[in-house]
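# Results of the structural survey
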Amino acid sequence: MSVLVTGIGWLTSAGLGQGRKDSFALTGNALPEVRRQDLFAEHPRFGRLDAYCKTGLAGVVMALRDAGLDGPLGETAGFAATTSAGCLRTDLDYFATAMQGPALASPNLFAFTLPTSIVAEAAICFGLRGPTCVLHEPQPFGLTGVRAALEALEFGEAEIMLAGACDVSAPNWSCSQDPSGSVFLVLESERRVQGRQAYGCLALDEDTVVLDAKSSDERQSSLPDLVLKLQNLPTANAPRRKPVGSTPCA
Amino acid sequence: MRTVAVVEARAVTALGDLDATWRGLLAGRTGIAPVTRFDATGCISRWAACVPGLERKSSGRSLLMSMLDQLLDASPILSADTPLLAATTKAGIDVLESIARHGRGSKEDVSPSFLADETCRRLDLCGRRETVSGACASATIALARAAALIAHGKAESVLVVCADLVSEFVFTGFSALRALSPEPAKPFDARRDGLTLGEGAALMLLMAEKRAQTEERPILARLTGWGVANDATHITAPARNGCGLIAAINRSLTVAGTRPDDVAAICAHGTGTVYNDAMELTAFRGVFGERQVPVNGVKGALGHAMGASGGIEAALCCCMLADGMLPPTIGLSEPDPAGVGLVRNEPIPLPEGLLLSTNSGFGGINAALLFSKPEQTAGGAA
């Protein structure tokens, strides 16, 4: 079964970006600060979100904006993301408060000590009521989330999936300079897209994500590489949906 | 779709291995006791359900290693390329505590990928591996994913392993949220006032039924339906109308090709918090109407084992089906008015039909599994 990529969005050290209009690159440099007004007209909780949530939400917003989609997306919409470090930075911040004594342990920080916190925020903002989960990989920005999303679509569990990766490194934890950021794709079933312009088709060849390019099926090894390939594929013929601007969030 | 069989089920809980846990539940025993692993002074509770006999085998390693020693004391019979889906919320978080306090510990144990990596190392598995993070529905989602892979012909068998620890990190956090009960949890009780943390691990080997028959494996149960859905309402609290859990249950019924009338009993999430248990009773009424489907919860005896709870409860579902009994909801004295006639503090015979197991977690995540006896056909008939 082929699935269409209808939106690409990201937050990297170079800033927010989407689709083909922005240049994509993932590096180990620090992420820029994300402002609420860059993503949402309104978001009552944005200032209280931790770095991991803000970063993940940024990629989701940009991908949906690129796809010309707004919420609520409903029961046929789901989410599958991969992460390596997850909420480790927030874990360390939270436990620093807990070490001062139970009375000083921060409930606000503890609420963000699950990697699924980005699921919650994305689901609330865009009404994602379908299957949602986060998957861990030892290395950042792999394709496990994309694979899970493709499987959900193939199995009929959803018709649209936000699929991608989010990682925010924890200072002084790892010796390596793994990149931080988030990259998300909007994947839709062919039936749902119905001739709208898409970047390309993805499929699964056993357990491997394959870019179903017209010239050849190419196995993909990482999400950043996949994004670069999608950016450079020829566009399909159908016109795109009108892009949306800043989004109010519940 | 292919039929999915459960060919092996194990658990490690505060009451012991799966058989000891099952016998203990039927006898009304609890594994909840004052926590001694760390100083809980200042927290709103001092109770937890800890696995006996866990010890740090080597300095700097997580207690999860010891828990895996108990869970994997005899290797299941597997081919090396069997896919592994692991599930955990905080993995070796006890090592993060040690690193933060003393600067000592194995950082690799802190990564959620550690559970999958360590399991693969011990069992010599070299195939696909994933670690599912779905809050307190992590193991349930892993089982749903495993079943879907088999049903759709993507795998012949899948191993699911889940584990989570009682840790100071999580204990102080739930205390800070004021979500812990000052006394052992009372699921579905009119006077319930919070959860009690627990720990544990579970292992389930799912296999295409035809393959299981060819290999002459014992079939403990069929996993006939599964569903995952999100409330999309709040980052921690469940949707009061139970919309996400209703959707997950309905998805599982659709996958099973069956109707609500075919569900005989429910192994509920039943944390003992005011809002979770109310949400579940609302959701069950939303699916099953006024029919009094018996509901059971085990967290009043085993505590809330976070990401592992769904796996432990799924393993116990196999015991329920095998012995034809629904265990008591330990901790329950006076049912919530919405649970009268549904929840009981004594064991009852399990009616004929499907067994529904549900779990819900932070982030609005809900998951449901439907189990049947091995000889049961779709529609609940034997």
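Note that the structure is a prediction, hence the values are computed from the model and not measured.

Procedures and definitions
- The residue numbering used here restarts from 1 in each chain and proceeds along that chain's sequence as written.
- Working convention: letters from A go to chains and numbers from 1 go to ligands, in the order in which they are written.
- Thresholds applied to this predicted model are a pLDDT of at least 70 for local features of residues and 80 or more for the giving and counting of side-chain atom pairs; totals over whole chains, interfaces and linings are not thresholded and use all residues.
- Computation of side-chain values covers all heavy atoms of the structure but excludes hydrogens and water.
- By definition here, a salt bridge exists when the distance from a side-chain nitrogen of Lys or Arg to a carboxyl oxygen of Asp or Glu is within 4 Å.
- Under the DSSP-based scheme used, a helix requires at least four consecutive residues in state H or I and a strand at least two consecutive residues in state E, with every element numbered from the N terminus.
- The buried label goes to any residue with under 20% of its type's maximum accessible area, the exposed label to any with over 50%, and the partly exposed label to all in between, with areas taken from a 1.4 Å probe on protein chains only.
- Residue contacts are defined here by distance: any two heavy atoms, one from each residue, within 4.5 Å place the two residues in contact.
- We call a set of buried Ala, Val, Leu, Ile, Met, Phe, Trp, Tyr and Cys residues a nonpolar core when their side-chain atoms join them within 4.5 Å.
- Computed with a 1.4 Å rolling probe, the buried area is the accessible surface lost when two parts are put together, summed over both parts.
- Axes, fitted as lines to C-alpha atoms, cover a helix only where it is in contact. Angles between the N-to-C directions of the axes lie from 0 to 180 degrees.
- Each angle receives one of four descriptions, namely roughly parallel if under 35 degrees, roughly antiparallel if over 145, roughly perpendicular if within 65 to 115, and oblique otherwise.
- Each crossing gets its hand from how the near helix is turned against the far one by less than a right angle, where anticlockwise is left-handed and clockwise is right-handed.
- Think of it as three bins: nonpolar holds Ala, Val, Leu, Ile, Met, Phe, Trp, Tyr, Cys and Pro, charged holds Asp, Glu, Lys and Arg, and polar takes everything else, Gly as well.

Turning our eyes to something else, we now look at the pattern of salt bridges. Scanning the model with the defined rule gives 39 salt bridges over all chains in all. A salt bridge links Glu-352 of chain B to Lys-373 of chain B, with the nearest nitrogen and oxygen atoms 3.1 Å apart. Here Glu-352 of chain B is found in the loop between strand 14 (348-349) and strand 15 (354-361), whereas its partner Lys-373 of chain B is found in the segment after strand 16 (365-372), with 21 residues between them in sequence. Through salt bridges with shared partners, a single ionic network connects Arg-147, Glu-151 and Asp-207 of chain A together with Arg-128, Glu-130 and Arg-145 of chain B.

Another aspect to go through is the side chain of Thr-55 of chain A. Residues and elements named next belong to chain A. Structurally, Thr-55 is set in helix 2 (residues 51-67). On the basis of relative accessible area, Thr-55 is assigned to the buried category, the value being 4%. With residues up to four places along the chain from it excluded, the contact list for Thr-55 reads Leu-11, Leu-31, Cys-166, Val-168, Gly-181 and Ser-182.

A few words on the nonpolar core. Counting 136 residues, the largest nonpolar core has Phe-79, Val-146, Leu-185, Leu-187 and Leu-202 of chain A together with Phe-371 of chain B as the members making the most contacts within it. If one sorts the elements of this core by residue count, helix 5 (residues 138-151) of chain B sits on top with eleven residues. Apart from the residues lying within four places of it in its own chain, the contact partners of Leu-202 of chain A are Met-1, Ser-2, Val-3, Val-5, Val-146, Leu-150, Leu-185, Leu-187, Val-209, Val-210, Leu-211 and Leu-226 of chain A. With 33 residues, the next largest nonpolar core counts Leu-88 and Phe-110 of chain A together with Cys-43 and Ala-176 of chain B among its residues.

Across the boundary between the two partners, chain B contributes 53 residues, which contact 49 residues of chain A. Of the roughly 4,200 Å² buried between chain B and chain A on both sides combined, carbon and sulfur atoms contribute 63%. Looking only at chain B, the three residues that lose the most surface to chain A are Ser-133, Lys-154 and Ile-235 of chain B, adding up to 14% of its buried area. Between the two partners, chain B and chain A, sit six salt bridges. The residue Arg-128 of chain B makes a salt bridge to Asp-207 of chain A at a minimum N-O spacing of 3.1 Å.

On to the packing of helix 2 of chain A against helix 5 (residues 117-126) of chain A. Residue and element names in this part refer to chain A. Relative orientation of the contacting elements helix 2 and helix 5 amounts to 40°, with a least axis distance of 9 Å. Taken together, helix 2 and helix 5 sit at an angle that is classed as oblique. Judged by the sense of rotation from one axis to the other, the crossing of helix 2 with helix 5 is right-handed. Of the residues in helix 5, those touching helix 2 at Tyr-52, Cys-53, Gly-56, Leu-57, Val-60, Val-61 and Leu-64 are Ser-117, Ile-118, Glu-121, Ala-122, Cys-125 and Phe-126. Here the residues of the contact of helix 2 with helix 5 are counted per class, giving ten nonpolar, two polar and one charged.

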